[in-house]
Amino acid sequence: MDLDLPLIVTEIAAEMAAETERGAVADYIPELARVDPGQFGLALSLPDGRVIAAGDTEVPFSIQSISKVFTLALALGRHGDSVWSRVGREPSGDPFNSIVQLEHERGKPRNPFINAGAIAVTDALLSHYAPREALGEILRFLRYLSGDEDIAIDPAVAASEQETGFRNVALANFMRSYGIVTGEPAKVLGVYFHHCAIAMTVRQLARAARFLAFDGRLGPEGPRAVSPRMARQINALMLTCGHYDGSGEFAFRVGLPGKSGVGGGIMAVAPGQAAIACWSPGLNAVGNSLLASTALERLAERTGWSVFTAR
Ligand code: DON
């Protein structure tokens, strides 16, 4: 049976608009606390090139930790498997900003998606690029992946996090003491805060995720962005680590690799079927979007999309 995806997407957006329990917007980055929690957007980028979207599809939001997927892809492209000498591939079972495992594990973060891991990945990029170049490279990569030049950093969000990111400062300095971070912590953090402050719409983000849904290509027959092996490995990490200590719950409920950000976005992939972006600013207790998680669960139920189902 053919799926009526426009209907499914429109219905889910209408259901989410009616929800009254919307979670709490992140307030530890003051600029994010100003975002209206009443918003919701969902977009699917399909194999035939169509984008199906509903809700607040044209509002740019702070992608935050979702940027960590793209910096990881760039670092793996530049440095290959040597990235894994400074960051692991195991779920942490701890909050995204936790410092507790680092001392036990000699400064090596559990995975590239917790803050410590992403800071180490950003440091790896800086062994190749000056800070400004690295940010230019990250933006260029996102614009290429989404086929949209209109993607930029929100300077107010970057400044807000720069002023209040004391825990990330601690993580970077701690890793510097073990030689996992090799550059100057302040420079590494400057780039990290700025890539987290990139703003995108769900439509742009769904298109940027295509390379993960189509074995490294921007569509089944599209140009190649990364190797099939890299796409597979990043998907595995998103499934196991993409939602921090909510990763098991997300895999159980949604069954698709996904990456969340404290701006309320979730990027997910149904391999071969669709690249997906969903956004609603209110978060659950572990820092993942409450309504975007529910919406993706309903999308997976109604489409049958799952990496655990025979097709
Ligand atoms: O470093 C931070 O705390 C933020 N820039 C990113 C955290 C984040 O998005 C966690 N995701 N749920």
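What counts and how
- Residues numbered from 1 in each chain as written.
- Predicted model: local features only at pLDDT ≥ 70, side-chain atom pairs only at ≥ 80, totals over all residues.
- Heavy atoms only, no water.
- Near = heavy atom within 4 Å.
- Polar contact = N/O pair within 3.5 Å; in protein donor to acceptor, adjacent residues only side chain to side chain.
- Areas by Shrake-Rupley, 256 points an atom, 1.4 Å probe, with all protein chains shown as cover.
- Nonpolar A, V, L, I, M, F, W, Y, C, P; charged D, E, K, R; others polar.
- Helix = DSSP H or I, 4+ residues; strand = E, 2+ residues; numbered from the N terminus.
- Expected span 1.5 Å × (residues − 1).
- Buried < 20%, exposed > 50% of the residue type's maximum accessible area, 1.4 Å probe, protein only.
- Contact = heavy atoms within 4.5 Å.
- Axes fitted to C-alpha atoms, helices over the stretch in contact; angles between N-to-C directions.
- Left-handed = near helix turned anticlockwise from the far one by under 90°.
- Pairing = 2+ DSSP bridges.

(A) Fine view of the site of the ligand. In the neighbourhood of the ligand, 14 residues make up the surrounding shell, with Tyr28, Gln64, Ser65, Glu161 and Tyr192 lying closest. Here an oxygen atom of the ligand and a side-chain polar atom of tyrosine 28 are 2.5 Å apart. With respect to the ligand, the side chain of tyrosine 192 contributes an N or O atom lying 2.6 Å from an oxygen atom. Expressed as a share of its isolated accessible area of 340 Å², the protein-covered part of the ligand is 99%. Residue composition of the shell around the ligand, grouped by class: 6 nonpolar, 7 polar and 1 charged.

(B) Region of the structure containing helix H2 (residues 67-79). Relative to the 18 Å expected for 13 residues at 1.5 Å per residue, H2 spans 18 Å between its end C-alpha atoms, a close match to the ideal helical length. For H2, a buried count of 10 out of 13 residues is recorded, marking the element as mostly surrounded by other parts of the structure. Every buried residue of H2 is listed here: Ser67, Lys68, Val69, Phe70, Thr71, Leu72, Ala73, Leu74, Ala75 and Leu76. Following H2 by one or two positions, glycine 80 adopts a phi angle in the positive range, close to 60°.

(C) Spotlight on helix H13 (residues 290-303). Look at H13: 20 Å from first C-alpha to last across 14 residues, which is about the 20 Å you get at 1.5 Å a residue. For H13, the full list of buried residues reads Leu291, Ala292, Ser293, Thr294, Ala295, Leu296, Leu299, Ala300 and Thr303. Its buried side turned inward, H13 meets helix H1 (5-18), strand E1 (41-45), helix H12 (247-253), strand E7 (265-270) and strand E8 (274-279). Where H13 begins, the side chain of serine 289 points an oxygen toward the backbone nitrogen of alanine 292, at a separation of 3.1 Å.

(D) Representation of the packing of H2 against helix H11 (residues 228-241) within the structure. The contact between H2 and H11 brings their axes to 11 Å, and the two run at 140°. Between H2 and H11 lies a crossing whose hand is right-handed. On H11, the residues touching Val69, Leu72, Ala73, Leu76 and Gly77 of H2 are Met230, Ile234, Leu237 and Met238. Tallied by class, residues from the contact of H2 with H11 come to 8 nonpolar, 1 polar and no charged.

(E) Layout of the sheet that holds E1. The sheet built from 5 strands is open, its strands ordered E2-E1-E8-E7-E6 with antiparallel pairing. Of all strands in the sheet, those bounded by a partner on one side alone are strand E2 (51-55) and strand E6 (258-260). Going across the sheet, the axis of each strand differs from the next one's by a mean of 10°, ignoring polarity. Note that E1 and E2 share 5 bridges and pair antiparallel. Of the residues in E2, the one forming a bridge with leucine 44 is isoleucine 52.

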